[in-house]
Amino acid sequence: MLPTAAPAVEVREPAVPDGRDIVMIGDSVTLGSAPELVEAMPGIAVEAEVGKQFGAGVDRVERLARAGDLRDYVVVALGTNGAVRDEDVERLVAAAGDRPLVLVTPYGDRPWMRGAQEALRRAAERHPSVVIADWQVAVNRDPGVVGSDGIHPRPSGVGTFVAVVEDALLRASTLSP
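Below, the structure is looked at part by part. (Residues numbered from 1 in each chain as written. Predicted model: local features only at pLDDT ≥ 70, side-chain atom pairs only at ≥ 80, totals over all residues. Heavy atoms only, no water.)

Turning our attention to the pairing of strand β4 (residues 101–104). A two-sided burial pattern is seen for β4, the buried positions comprising Leu101 and Leu103 on one face and Val102 and Val104 on the other. Bridge count between strand β3 (residues 73–77) and β4: three bridges; the pairing is parallel. Considered in β4, the bridge of Val75 is made with Val102. One crossover worth recording links β4 to the parallel strand β5 (residues 130–133) by way of helix α4 (residues 113–126), and it is right-handed. (Buried < 20%, exposed > 50% of the residue type's maximum accessible area, 1.4 Å probe, protein only. Helix = DSSP H or I, 4+ residues; strand = E, 2+ residues; numbered from the N terminus. Pairing = 2+ DSSP bridges. Right-handed = clockwise from strand over helix to strand, strands pointing away.)

Moving on: the sheet that holds strand β1 (residues 22–26). Strands sit in the order β2-β1-β3-β4-β5 across an open sheet of five strands; the sheet is parallel. The sheet terminates laterally at β2 (45–48) and β5, the two strands that pair on one side only. When strand polarity is set aside, the average angle formed by the axes of neighbouring strands in this sheet is 20 degrees. In this sheet, β5 lies alongside β4 in parallel orientation, the contact comprising four bridges. Residue pairing for β5: Leu103 is matched across the bridge by Ile132. The sheet contacts of helix α3 (residues 86–96) involve β3, β4 and β5, and relative to β4 the element is tilted by about 150 degrees. (Axes fitted to C-alpha atoms, helices over the stretch in contact; angles between N-to-C directions. Contact = heavy atoms within 4.5 Å.)

Pasting the structure below:
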């Protein structure tokens, strides 16, 4: 008897999810980057406002989840404007459910930012569905991507912010059920 050939298996390379499957909740850093985020990931829902606190972002994700309107990938870029409590991060993880959750680390010199960065990193260590988009590391590598306030990307640095988010979404795409 002749051996039969194994059926061909299609191997898919990971890809950044379709923008229509992504919701991003953020503050002024996200707001200033929104046009480029939409250009890079058409259809992404970007909800961002100046001064947005982490807890308010968690509340929004919970409301979207309760209404059945939470998209398949959740990106949260908060922590620039105030402390991030572990309890709020756990609420966020619970609201995201089995969806991949991308947490963007804040960058800046405000006294609460180190604690915010650490809280997000702890969540990634505890939860396999959480992926870090490391804006903090990106800026540390190239401080010229942020403006004179030391927080917001300058126009030439917005592409770096978008690339950090896309890289994390690419990694998150391998977690999707």
